[in-house]
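Observations on the three-dimensional arrangement
Spelled out from the first residue to the last, the chains are:
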Amino acid sequence: MKDVTPQTALQAQILDAYAFRHAAKVFDPGRKIPEDEFNTILETGRLSPTSFGLEPWQMLVVQSPEKRALLEPMSWGANGIVSGTEGQLKTASHFVIFLSHTSATMAADSAYLPKFLREVKGFPEENITGLLGAYAQFQAEHFDLTDDRKITDWARHQSYIALGNMMTTAALMGIDSCPIEGFEMDALSAVLEAEFDVDPTLLKPAVMAAFGYRASPPRHPQSRRSMDEAVRWV
Ligand SMILES: Cc1cc2nc3c(=O)[nH]c(=O)nc-3n(C[C@H](O)[C@H](O)[C@H](O)COP(=O)(O)O)c2cc1C
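In the nomenclature of an unreviewed UniProt entry, the chain is known as Putative NAD(P)H nitroreductase YfkO of Tritonibacter multivorans. Its UniProt record, at the heading Sequence similarities (unreviewed entry), says of the chain: "Belongs to the nitroreductase family."

With that settled, the discussion passes to the overall build of the chain. The helix and strand inventory of the chain stands at ten helices and four strands. Each helix and strand of the chain, placed in order from N terminus to C terminus, yields the pattern α-α-β-α-α-β-α-α-α-α-β-α-β-α. The C-alpha extent of the chain, read off along each of the three principal axes, is 55 × 50 × 35 Å. Within the chain, residue pairs in contact and separated by at least 24 positions form 78% of the contacts whose partners lie at least 6 positions apart. Here the chain displays about 12,900 Å² of accessible surface, and carbon together with sulfur accounts for 56% of that area. Measuring between centres, the 21 positive side-chain charges of the chain sit 6 Å from its 30 negative side-chain charges.

Further remarks concern a nonpolar patch on the surface. Together, V4, L10, I14, L15, Y18, L172, M173, M227, V231 and W233 give the surface a local cluster of nonpolar side chains, amounting to about 960 Å² of exposed area. Sorting elements by how many residues they give to the nonpolar patch places helix α1 (residues 9-20) first, with four residues. By secondary structure assignment, the location of Y18 is in helix α1.

What follows concerns the site of the ligand. Around the ligand, 13 residues are found, and the nearest of them are R21, A23, K25, G77 and G182. The backbone of G182 places a nitrogen or oxygen atom 2.9 Å from an oxygen atom of the ligand. Within the complex, the protein chains bury 63% of what would otherwise be the 620 Å² of accessible surface of the ligand. The dominant element in the shell around the ligand, judged by the number of residues it contributes, is strand β3 (residues 176-180), at three residues.

Before going further, it helps to spend a moment on the pairing of β3. The element β3 is largely enclosed, with a buried count of four among its five residues. Both β3 and strand β4 (residues 203-212) contribute to a ladder of five bridges, which runs antiparallel. Within β4, the position partnered with P179 by the bridge is A209.

Counting residues in hydrophobic clusters, the biggest one holds 23 residues, and the most contacted among them are L60, L71, F95, I97, L188, L192 and F196. When residues of this core are assigned to their parent elements, the largest contribution, four residues, is made by helix α9 (residues 185-196). Excluding its chain neighbours within four sequence positions, the residues that come into contact with F196 are L60, V62, K67, L70, L71 and V191.

Moving on to the packing of helix α2 (residues 35-46) against helix α8 (residues 148-172). Taken N-terminus to C-terminus, the directions of α2 and α8 make an angle of 150 degrees; their axes are 8 Å apart at the nearest point. If you check the angle between α2 and α8, you find them roughly antiparallel. The crossing of α2 and α8 is right-handed. Contact residues: T40, I41, L42, T44 and G45 in α2; A162, N165, M166, T169 and A170 in α8.

Turning our attention to the pattern of salt bridges. Here the structure, examined in full by the defined rule, presents nine salt bridges. D144 is the salt-bridge partner of K150, the closest N and O atoms lying 2.9 Å from each other. Overall, the relative accessible area of 31% leaves K150 in the partly exposed class. Relative accessible area serves as the criterion here: at 41%, D144 is assigned to the partly exposed category. For D153, the salt bridge is made with R149, and the minimal N-O distance between the two is 3.0 Å.

Cut-offs applied
Going along each chain's sequence as written, the residues are numbered from 1 onward. This being a predicted model, a pLDDT of at least 70 is required before a residue's local features are given, and a value of 80 or more before pairs of side-chain atoms are given or counted; all residues contribute to the totals for chains, interfaces and linings. Each side-chain value is worked out from all heavy atoms of the structure, with water and hydrogens disregarded. UniProt positions are given in the numbering used here, feature names are shortened, and annotations may be inferred rather than shown by experiment. The helix count covers DSSP runs of H or I at least four residues long, the strand count covers runs of E at least two residues long, and both are numbered beginning at the N terminus. Any two residues whose heavy atoms approach within 4.5 Å at even a single point are treated as in contact. Per-residue accessibility takes into account occlusion by the displayed protein chains alone, with areas from the Shrake-Rupley method and a 1.4 Å probe. By the counting rule applied here, Lys and Arg register as positive and Asp and Glu as negative, while His and the ends of each chain are not counted. Every charge is mapped to an atom, namely NZ of Lys, CZ of Arg, CG of Asp or CD of Glu. Here, patches come from residues exposed beyond 30% relative accessible area and free of salt bridges, joined within 9 Å for like charges and within 5 Å for nonpolar side chains (Val, Leu, Ile, Met, Phe, Trp, Tyr). Should a side-chain nitrogen of Lys or Arg be within 4 Å of a carboxyl oxygen of Asp or Glu, the pair is scored as a salt bridge. Throughout, near means a residue has at least one heavy atom within 4 Å of the molecule or strand. Counted as a polar contact is a pair of N or O atoms within 3.5 Å, where, for protein atoms, one must be capable of donating a hydrogen and the other of accepting one, and residues adjacent in sequence contribute only when both atoms are in side chains. The classification of residues rests on relative accessible area computed with a 1.4 Å probe and restricted to protein chains. Under 20% of the type maximum is buried, over 50% is exposed, and intermediate values are partly exposed. Think of it this way: DSSP has to see at least two bridges between two strands before they count as a pair. Put simply, buried Ala, Val, Leu, Ile, Met, Phe, Trp, Tyr and Cys residues joined by side-chain atoms within 4.5 Å make one nonpolar core. Angles here are taken between N-to-C directions and fall from 0 to 180 degrees, while the axes themselves are lines fitted to C-alpha atoms, restricted in helices to the stretch in contact. Roughly parallel here means an angle under 35 degrees, roughly antiparallel means over 145, roughly perpendicular means 65 to 115, and every remaining angle is called oblique. Helix crossings are classified by the rotation of the near helix relative to the far one: an anticlockwise turn of less than a right angle makes the crossing left-handed, while a clockwise turn makes it right-handed.

What follows is the structure in structure tokens.
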């Protein structure tokens, strides 16, 4: 397989954005993302697809330095310890925690789902019954989503789609980002409950993302497997 050579201006723009994006370890603390641009990033997260359209996540945008400081002890992937920098939590223009729904709302028999399908999706009652029947079968028989951890993990997966779209949107606007899984799940959940009014029976941390402007060039050139290794055609 040959290198991918853009054939149109749009293809070049997209590939340039992917070449620009890297996992930024530290941002220029003096530069803030303009509100309209960050709202565009959030909007592409909000509009992202989710399994069965159930949007099983919420994005928590953490801007107060005091609140961010509370996240530092258990967020080894964002506090600069690993990268030997000031880290993303202290320096990002915007910092997002994706919270995933749990079985309290996402189990097929939860009271939340018919209400969501009625009020957000505008589905008629007969469609709600049919969809929830299919969803119950999907959970019980097809995907083994049979306990709270499995259902919460499935919900977490959905938030990664929004995360990916948001990082691409940012890169297209020349904004840097970093996806962050480097945190202690239980300790973070506890601090979110105690200090951010997040009920852990309803919402659990899924993944984080920092956005801003790089403080220095990437440390490493982008490295990936070849297209032949990454993709198999049959
Ligand atoms: C789900 C996920 C979690 C990640 N967690 C962290 C993290 O906690 N801290 C960090 O600095 N980078 C984190 N990264 C960045 C990866 O290390 C990085 O994307 C990978 O090494 C490829 O490098 P590049 O993104 O610069 O091309 C994460 C990436 C993903 C996709």
